[in-house]
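For reference, the chains in residue letters:
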Amino acid sequence: MSVDAKYRTTATASGGGRDGRTVLTDGTMALDLTLPKELGGPGGDGANPEKLFALGYSACFLGAMRVAQQQTSIKVPDGTTVTATVGIGPRSEGGFGITADLDVYLPGLDSSDAATLVEATHGICPYSNAIRPNVDVKTTTRA
């Protein structure tokens with residue numbers, strides 16, 4: 001597979017990885033990281049990779065829906081939201097894996113059109129494409 005990257009960004013993590021700090025090279029964002037209590041850490045207000053993934057996936061999927069709108073001629077309604085829930089835990093095969101659930105709210109859209117739009121978006125969204133077939137993304141579509 002070949003990707004013609006039109007945009008790139010770079011971040012550097014330091015400290016303990018999940019319990020340290022991450023900084024964008026261009027200086028536009030820096031975050032303190034905290035290991036969640038559920039994974040044996042202190043918890044608290046810091047970020048973690050799963051929070052960052054959920055932020056990115058929800059925004060990316062909603063943006064990709066605008067492209068899917070052009071391809072399907074199904075208008076994305078005003079007030080549309082995408083909520084991503086990302087989890088982490090041990091895999092049955094060993095190591096760790098992530099889970100992803102998307103709640104897509106398309107107010108007033110016909111349920112058939114909503115399903116068509118969400119399916120088309122999964123084929124466009126870079127996050128969906130990056131994790132397929134390693135993560136079973138569960139999608140709830142509400143109209």
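Quick caveat: nothing in here was measured; it's all calculated off a predicted structure. (Residues numbered from 1 in each chain as written. Predicted model: local features only at pLDDT ≥ 70, side-chain atom pairs only at ≥ 80, totals over all residues. Heavy atoms only, no water.)

Caption draft 1: Quick look at the domain arrangement of the protein. Domains assigned within the protein are domain 1 (1-47) and domain 2 (49-141). If you average the C-alpha positions of domain 1 and of domain 2, the two centres end up 21 Å apart. Across the contact, seven residues belong to domain 1 and five residues belong to domain 2. Approximately 510 Å² of surface area, both sides summed, lies buried where domain 1 meets domain 2, with 67% of it carried by carbon and sulfur atoms. On the domain 1 side of the interface with domain 2, the three residues burying the most area are Arg-18, Leu-39 and Ala-47, jointly 69% of the side's total. Taken together, the connections running from domain 1 to domain 2 amount to one salt bridge. Viewed at the interface, domain 2 and domain 1 are joined by two residue pairs in polar contact (both at pLDDT 80 or more). Among the residues forming the side of domain 1 that touches domain 2, the class breakdown is three nonpolar, two polar and two charged. (Domains from an automatic or database assignment. Contact = heavy atoms within 4.5 Å. Buried area = accessible area lost by both parts, 1.4 Å probe. Salt bridge = Lys/Arg side-chain N within 4 Å of Asp/Glu carboxyl O. Polar contact = N/O pair within 3.5 Å; in protein donor to acceptor, adjacent residues only side chain to side chain. Nonpolar A, V, L, I, M, F, W, Y, C, P; charged D, E, K, R; others polar.)

Caption draft 2: The packing of aromatic side chains, seen in detail. Under the criterion given, the structure shown has four aromatic pairs. Ring geometry for Tyr-57 and Phe-61: centres 6.3 Å apart, planes at 80°, overall edge-to-face. Of the two residues, Tyr-57 and Phe-61 are both situated in helix H1 (residues 49-72); the distance of four residues between them amounts to about one turn of the helix. Grouping residues by exposure puts Tyr-57 and Phe-61 together as buried. Centre to centre, the rings of Tyr-57 and Tyr-127 are 5.5 Å apart; their planes meet at 15°, and the pair counts as stacked. Of this pair, Tyr-57 sits in helix H1 while Tyr-127 sits in helix H3 (residues 126-131), and the two are 70 residues apart along the sequence. Taking the relative accessible area as the measure of exposure, Tyr-57 reaches 0% and is therefore buried. Put simply, the rings of Phe-53, Tyr-57, Phe-61 and Tyr-127 touch in pairs and so form one group of aromatic residues. (Phe/Tyr/Trp six-rings, centres within 6.5 Å; stacked < 30°, edge-to-face > 60°. Helix = DSSP H or I, 4+ residues; strand = E, 2+ residues; numbered from the N terminus. Buried < 20%, exposed > 50% of the residue type's maximum accessible area, 1.4 Å probe, protein only.)

Caption draft 3: Just the nonpolar core, in detail. Ranked by internal contacts, the top residues of the largest apolar core, which has 24 residues, are Tyr-57, Phe-61, Met-65, Leu-102, Val-104, Leu-106 and Leu-117. It is H1 that contributes the most residues to this core, seven residues altogether. Beyond its immediate chain neighbours, meaning those up to four positions away, Tyr-57 contacts Ala-84, Ala-100, Leu-102, His-122, Cys-125, Tyr-127, Ser-128, Ile-131 and Val-137. (Core = buried A, V, L, I, M, F, W, Y, C linked by side-chain atoms within 4.5 Å.)

Caption draft 4: Highlighting the sheet that holds strand E6 (residues 137-142). One open sheet holds the three strands; their spatial order is E4-E5-E6, and the pairing between them is mixed. Looking at the sheet topology across the chains shown, the edges are occupied by strand E4 (81-90) and E6. In this sheet, neighbouring strand axes are inclined to one another by 15° on average, regardless of whether the strands run parallel or antiparallel. (Pairing = 2+ DSSP bridges. Axes fitted to C-alpha atoms, helices over the stretch in contact; angles between N-to-C directions.)

Caption draft 5: How the structure looks around helix H2 (residues 111-124). Taking 1.5 Å of rise per residue, the 14 residues of H2 would be expected to cover 20 Å, and the 20 Å separating its terminal C-alpha atoms lies within 8% of that figure. All of the buried residues in H2 are Ala-114, Leu-117, Val-118, Thr-121 and His-122. Along the axis of H2, the buried positions cluster into a sector of 140°, meaning they face one direction only. Across from the buried face of H2, at angles greater than 90 degrees, the exposed residues are Glu-119 and Gly-123. Of the surrounding secondary structure, the elements contacted by the buried residues of H2 are H1, strand E5 (96-105), H3 and E6. Among the residues of H2, the N-terminal cap falls to Asp-110, whose side-chain oxygen and the backbone nitrogen of Ser-112 are separated by 2.9 Å. (Expected span 1.5 Å × (residues − 1). Arc of directions from axis to C-beta.)

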